[in-house]
Amino acid sequence: MDWSHYRFRTQWALPAPPTTVYDVLEQAEDYPRWWPQVREVNRLDDTTGLIRIRATLPYDLVFTAREVRRDRAGGVLEIAMTGDLEGWARWTITGDGGGSLASYDQVVDVNKPLLRRLAVPGRPVFRANHWLMMRAGRRGLTAYLEAV
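Bear in mind that the values here come from a model prediction, so they are computed numbers and not experimental data.

1. Quick look at the pairing of strand 5 (residues 76-83)
Of the pairings in the sheet, the one linking strand 4 (residues 61-71) to strand 5 comprises eight bridges and is antiparallel in character. From the neighbouring strand, arginine 66 faces strand 5, where its bridge partner is alanine 80. What sits between the antiparallel neighbours strand 4 and strand 5 is a turn of four residues, in which glycine 75 has the positive phi angle 70 degrees. Between strand 5 and the antiparallel strand that follows it, strand 6 (residues 85-96), lie one residue.

2. Overview of the packing of aromatic side chains
Enumeration according to the criterion identifies eight aromatic pairs in this entry. Between tyrosine 31 and tryptophan 35 the ring centres are 6.0 Å apart and the planes differ by 25 degrees, which places this aromatic pair in the stacked class. Each of the two residues, tyrosine 31 as well as tryptophan 35, counts as buried. Seen from their ring centres, tryptophan 91 and tyrosine 104 are 4.8 Å apart, and the 55 degrees between their planes marks the pair as tilted. Of this pair, tryptophan 91 sits in strand 6 while tyrosine 104 is found in strand 7 (residues 99-110), placing the two residues 13 residues apart along the sequence. Here the two residues tryptophan 91 and tyrosine 104 agree in accessibility, since each one is buried. Here the aromatic residues Trp12, Tyr31, Trp34, Trp35, Trp91 and Tyr104 are joined through ring pairs into a cluster of three or more.

3. Looking at the sheet that holds strand 1 (residues 5-14)
The seven strands lie next to each other as 1-7-6-5-4-3-2, forming an open sheet whose pairing is antiparallel. Two strands bound the open sheet, and with one partner strand each, they are strand 1 and strand 2 (38-43). In this sheet, adjacent strand axes meet at a mean angle of 20 degrees when their direction is disregarded. Relative to strand 6, strand 5 runs antiparallel, the two sharing six bridges.

4. Some remarks on the packing of helix 1 (residues 18-26) against helix 4 (residues 119-147)
Running from N to C, helix 1 and helix 4 cross one another at 115 degrees; their axes reach a closest spacing of 11 Å. Note on packing geometry: the crossing formed by helix 1 with helix 4 is right-handed. From helix 1, Thr20, Val21, Val24 and Leu25 reach across to helix 4, where they touch Leu141, Tyr144 and Leu145. In terms of residue class, the contact of helix 1 with helix 4 is made up of six nonpolar, one polar and no charged.

5. Topic: the pattern of salt bridges
Under the counting rule described, the total for this entry stands at 12 salt bridges. For the salt bridge of aspartate 60 with arginine 52, the shortest nitrogen-to-oxygen distance reads 2.9 Å. Close ionic contact of arginine 90 with glutamate 78 constitutes a salt bridge, the shortest N to O distance being 3.0 Å. In this pair, arginine 90 is assigned in strand 6 and glutamate 78 in strand 5, connecting sequence segments 12 residues apart. Taking relative accessible area as the criterion, arginine 90 reaches 23% and is therefore assigned partly exposed. Through salt bridges with shared partners, a single network forms among Glu40, Arg52, Arg54 and Asp60.

Parameters and conventions
Residues numbered from 1 in each chain as written. Predicted model: local features only at pLDDT ≥ 70, side-chain atom pairs only at ≥ 80, totals over all residues. Heavy atoms only, no water. Pairing = 2+ DSSP bridges. Helix = DSSP H or I, 4+ residues; strand = E, 2+ residues; numbered from the N terminus. Phe/Tyr/Trp six-rings, centres within 6.5 Å; stacked < 30°, edge-to-face > 60°. Buried < 20%, exposed > 50% of the residue type's maximum accessible area, 1.4 Å probe, protein only. Axes fitted to C-alpha atoms, helices over the stretch in contact; angles between N-to-C directions. Left-handed = near helix turned anticlockwise from the far one by under 90°. Contact = heavy atoms within 4.5 Å. Nonpolar A, V, L, I, M, F, W, Y, C, P; charged D, E, K, R; others polar. Salt bridge = Lys/Arg side-chain N within 4 Å of Asp/Glu carboxyl O.

It is worth stressing that arrangement in space is one thing and function is another; only the former is reported here.
This is the structure:
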């Protein structure tokens, strides 16, 4: 087993229609406005950006995100990641009653040397750190959607 390999799936029930949620999630450079752990998003060109995240634990992860799929009709946004994280992430937004369900899937290998050295003993803590980041993201996006 590669202890630096992670697979995550998170679902957020959100109080806005799918097109509204998609429009917000499509604007990655605005994530720091509503998601505290997304510290920086710097656009490099039309389909690529440099992202810095920091959740509860005292380390930053920096990676380049390159758009792989942008399908408004299907509600899908997907990126490939290189840097401290290598892999992919995908949002899939569907209707859910009067709101939306945003599913986030991510499959990555962690390349940051310190995290690789701590892979075995740190794995449960790293997974909890991710869970806390995603919980904060859902709260932030919910408040952002209610305000706009």
